[in-house]
Amino acid sequence: MSDRFDCKNCNESLYGRKYIQVEDKPHCIPCYDCLYANTCQECKEIISHNAKELFYENRHYHEHCFRCFRCERSLADEPFTSQDNSLVCSSCYCSEFSSKCVACDKTVMPGSRMLEYDGSTWHEDCFVCHGCEKPIGAEAFIPDNNNYYCVPCYEGRFAPRCSHCKKALTKGGVTYKDEVWHKECFFCTGCKAPLAGQPFTSQGESPYCVKCFSNLYAKKCAGCNTAITVGSATNGFGDGRYVSFEDRQWHQPCFKCSRCSVSLVGSGFFPDRDQILCADCNDDD
C-alpha cells in the first residue's frame, strides 16, 4: 500500500492534483489561496496563486487593478505617484498639481530640474538671461521689469559706473554730488581712509575726512590754536560758530578776556597787541 500524500490543511489527497509547498508542507491550491494569498487593495478579492501580483507601499494589487484612480489607465509599466493613498499617473498628477513653466507654458514634471522665483516656476533650461539668452541655472541673476539678467549682461546694460574705478555698481555704494562710488572707492583725498558712513566734507570736488580737512584748510583758533571747522552736524563739523576780528578767529568758547577769562561773546572788548581784554581789565590799565 503506497504512502499517503495529502494537503497539510484539508487532508485531501494531492495525487494527480496541483499543490504548493509551504515550509516543505504541501497545500492544495484552494487551501494555499485561502491561507496565504494576499487581498487586492482595489477590489478586495483574493489574488490567486497564478495571478500576476503588484506590490506598492505594503499594499497588494491585481495587475488589472493597479491603475490611476482618475483616468483608470494601467500603471503596471507607467510612472505614477500616490495621493491620499490613491494611485495617480504622472499625466493626471501634473495636470492637477504641477506648476507650469512661465516661459514655455509646459508642465514642470515632478523630479525634473526647475527654478522657482517670486511665485513663478521655470524649467531650468527655460530660465534664460534676457540679454544673452543663455540659461542662468544656479548662477546669480538680477531682476529688472519682469526680465532677468545674468550679472555680466546687467552690468553692461544698466548698472551705474563708479566715479573712481569706472566699474559697475551692482549693490550698495555711496552717492555724493550726483555721482556714485563703490564704498571702498570713496575715500579721503588726504589720508585715503574710507569715508562711507563717516562724516566728511570737500574742498572743491575732492572729499576729505574731518581730520585731514581741519589740518589742511581750516582756520586756527587764536585762543586754543586748534582748527575752526565750519559746517553742520550732518557732516561732523560741529555747529560752525566762531568770532572773527581783523585777521584772527576764535571758537566762541575761546573768545574770552586774556586776563580774567570772562566770555566776550556779545560784549565789548579791547584789543591789546596779541591780547583781547574786557572793559574792566582794560580800565585797570
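Calculation criteria
Residues numbered from 1 in each chain as written. Predicted model: local features only at pLDDT ≥ 70, side-chain atom pairs only at ≥ 80, totals over all residues. Heavy atoms only, no water. Helix = DSSP H or I, 4+ residues; strand = E, 2+ residues; numbered from the N terminus. Contact = heavy atoms within 4.5 Å. Buried < 20%, exposed > 50% of the residue type's maximum accessible area, 1.4 Å probe, protein only. UniProt positions renumbered as here; feature names shortened; annotations may be inferred. 1 Å grid on protein atoms, 1.4 Å probe; cavity = no way out; pocket = protein on both sides within 12 Å on 5 of 7 lines; lining within 4 Å. Points joined across faces, edges and corners; volume = space filled by probe spheres on them. Nonpolar A, V, L, I, M, F, W, Y, C, P; charged D, E, K, R; others polar. Pairing = 2+ DSSP bridges.

By the secondary structure assignment, Phe66 is in the loop between strand E4 (59-62) and strand E5 (80-83). With near-sequence residues (within four places) excluded, Phe66 lies in contact with Leu54, Tyr56, Tyr61, Arg73, Ser74, Leu75, Ala76, Phe80 and Leu87.

Take unusual backbone geometry next. Even without being glycine, Asn145 reaches a positive phi, approximately 50 degrees. As for its position among the elements, Asn145 is in the loop between strand E9 (141-144) and strand E10 (147-150). Under the relative-accessibility criterion, Asn145 is labelled exposed at 67%. One non-glycine residue with positive phi stands out, namely Asn146, at about 65 degrees.

This brings us to the UniProt feature "domain: LIM zinc-binding" (unreviewed entry) in the protein chain. Look at the UniProt record and you will see "domain: LIM zinc-binding" (unreviewed entry) annotated at residues 38-98, 99-160 and 219-285. Within the segment residues 38-98, helix and strand shares are 13% and 26% respectively, and the terminal C-alpha atoms sit 34 Å apart.

A few words on the layout of surface pockets. Taken as a whole, the largest pocket holds about 180 Å³ of empty space. What lines the largest pocket is Ala222, Gly223, Arg248, Trp250, Cys254, Lys256, Ser258, Asp274, Gln275 and Ile276. Mapped by element, the contributors of at least two residues to the lining of the largest pocket are strand E18 (248-251) and strand E20 (275-277). In the lining of the largest pocket, the residues fall into four nonpolar, three polar and three charged.

The sheet contact formed by strand E1 (residues 19-22) and strand E2 (residues 25-28) spans four bridges and is antiparallel. Across the sheet, Ile20 pairs through a bridge with His27, a residue of E2. Hairpin remark: E1 followed by E2, antiparallel, with two residues in the connecting loop; positive phi at Glu23, about 55 degrees.

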